[in-house]
Amino acid sequence: MSTPDEVLGFWLDEVGPSGWYNGSEALDAEIRDRFLGDWEALRAGGLSLWLTASRSALAYIIVADQFPRNMFRDDPRAFALDAMALSAAKVAISRRWDLRIAEPERQFFYLPLMHSENLCDQDRCVRLMSMRMPETGAENLLHARAHREVIRRFGRFPHRNAALDRPMQRAERVFLNAGGYGALLRDMKADA
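Residues numbered from 1 in each chain as written. Predicted model: local features only at pLDDT ≥ 70, side-chain atom pairs only at ≥ 80, totals over all residues. Heavy atoms only, no water.

Caption draft 1: Quick peek at the overall build of the protein. In terms of helices and strands, the protein carries 9 helices and 0 strands. For the protein, the N- to C-terminal ordering of α and β elements is α-α-α-α-α-α-α-α-α. For a compact globule of 192 residues, the expected C-alpha radius of gyration is about 16 Å, and the protein comes in at 16 Å, within 12% of that figure. Burial status across the protein gives 52% buried among its 192 residues. Within the protein, residue pairs in contact and separated by at least 24 positions form 63% of the contacts whose partners lie at least 6 positions apart. Summed over all atoms, the accessible surface of the protein reaches about 9500 Å², with 50% contributed by carbon and sulfur. Computed over 26 positive and 27 negative side-chain charges, the separation of the two mean positions in the protein equals 7 Å. (Helix = DSSP H or I, 4+ residues; strand = E, 2+ residues; numbered from the N terminus. Rg over C-alpha atoms; globule rule 2.2 N^0.38 Å. Buried < 20%, exposed > 50% of the residue type's maximum accessible area, 1.4 Å probe, protein only. Contact = heavy atoms within 4.5 Å. Areas by Shrake-Rupley, 256 points an atom, 1.4 Å probe, with all protein chains shown as cover. Lys, Arg positive; Asp, Glu negative; His and termini not counted. Charge placed at Lys NZ, Arg CZ, Asp CG, Glu CD.)

Caption draft 2: Quick peek at the side chain of Gln122. One can find Gln122 in helix α6 (residues 119–132). Within the structure, Gln122 has its side chain in polar contact with the backbone oxygen of Met114 (distance 2.7 Å). Within polar-contact distance, the side chain of Gln122 engages the backbone oxygen of Ser116 at 2.7 Å. For Gln122, the residues in contact, after removing those within four places along its chain, are Leu113, Met114, His115, Ser116, Ala144, His147, Arg148, Ile151 and Phe157. (Polar contact = N/O pair within 3.5 Å; in protein donor to acceptor, adjacent residues only side chain to side chain.)

Caption draft 3: Examining the state of the cysteines more closely. Summed over all chains, the structure comprises 0 disulfides. No disulfide involves Cys120; its nearest neighbouring cysteine sulfur is the one of Cys125, lying 13 Å away. Here Cys125 falls in the buried class, since its relative accessible area comes to 0%. (Disulfide = S-S within 2.5 Å.)

Caption draft 4: View of the pattern of salt bridges. Summed over all chains, the structure comprises 18 salt bridges. One salt bridge connects Arg153 with Glu149, and the closest N-O pair in it is separated by 3.0 Å. Of this pair, Arg153 and Glu149 both sit in helix α7 (residues 138–154), 4 residues apart, which is roughly one turn of the helix. Take Arg153: its relative accessible area is 45%, and that puts it in the partly exposed class. The partly exposed category is assigned to Glu149, whose relative accessible area is 22%. (Salt bridge = Lys/Arg side-chain N within 4 Å of Asp/Glu carboxyl O.)

Caption draft 5: Main features of the domain arrangement of the protein. Partitioning the protein into structural domains gives domain 1 (1–107) and domain 2 (116–191). A separation of 21 Å is found between the C-alpha centroids of domain 1 and domain 2. Listed as interface residues are 17 residues of domain 1 and, on the opposing side, 15 residues of domain 2. If you look at where domain 1 meets domain 2, you find 3 salt bridges. Across the salt bridge formed by Arg132 and Asp98, the nearest N and O atoms sit 2.7 Å from each other. In this structure, the connection of domain 1 to domain 2 is made through 6 residue pairs in polar contact (both at pLDDT 80 or more). Among the elements that make up the side of domain 1 that touches domain 2, the one with the highest residue count is helix α4 (residues 82–94) (4 residues). Classifying every residue of the side of domain 1 that touches domain 2 gives 7 nonpolar, 1 polar and 9 charged. (Domains from an automatic or database assignment. Nonpolar A, V, L, I, M, F, W, Y, C, P; charged D, E, K, R; others polar.)

Caption draft 6: Layout of the packing of α6 against α7. Direction vectors running N to C along α6 and α7 enclose 165 degrees, while the axes themselves pass 9 Å from each other. Classified by the angle their axes make, α6 and α7 are roughly antiparallel. The two elements α6 and α7 meet at a crossing, and its hand is left-handed. Facing Leu119, Gln122, Asp123, Cys125, Val126, Met129 and Ser130 of α6, the residues of α7 in contact are Asn140, Leu141, Ala144, Arg145, His147, Arg148, Ile151 and Arg152. (Axes fitted to C-alpha atoms, helices over the stretch in contact; angles between N-to-C directions. Parallel < 35°, antiparallel > 145°, perpendicular 65-115°, else oblique. Left-handed = near helix turned anticlockwise from the far one by under 90°.)

Here's what the structure looks like:
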């Protein structure tokens, strides 16, 4: 079992901003090797003591929200703890623990909202990125707006359909065939 400091040291310092969104099989394997046991413990209801302070809550959210997206690409387990991550993030934000963490690390309190298939969560994420990430949030704000637009259009993220064994709607297939999220993001950048 890892400590919150070990999780944060790995994700924030070892992987760092340059690696957060540039996944590779090597990084995915390292996360599985080092933190799969923590993910399993969290899934079983463990690690609740991590929800008692800002830094340990951040570690909890990373284990629940970020690590599974690397450990379990194209697998339903990538999203299995989203509700737990979202709940933890909402509590931490209500306690203003997010503001105790410097940018850009603060964004990880908001990403469970961005990953939610609920439009209210998406709206809140956009507001938080706009208001609470003044120094480093421009790119994150653009991504938050793009995620929100996908939820506005479809009520869910079409790229998850295969992993979650959901039927693909015609409009979703058209969207994905036209470049999906990447194309939407490019269009939004061009319009900005």
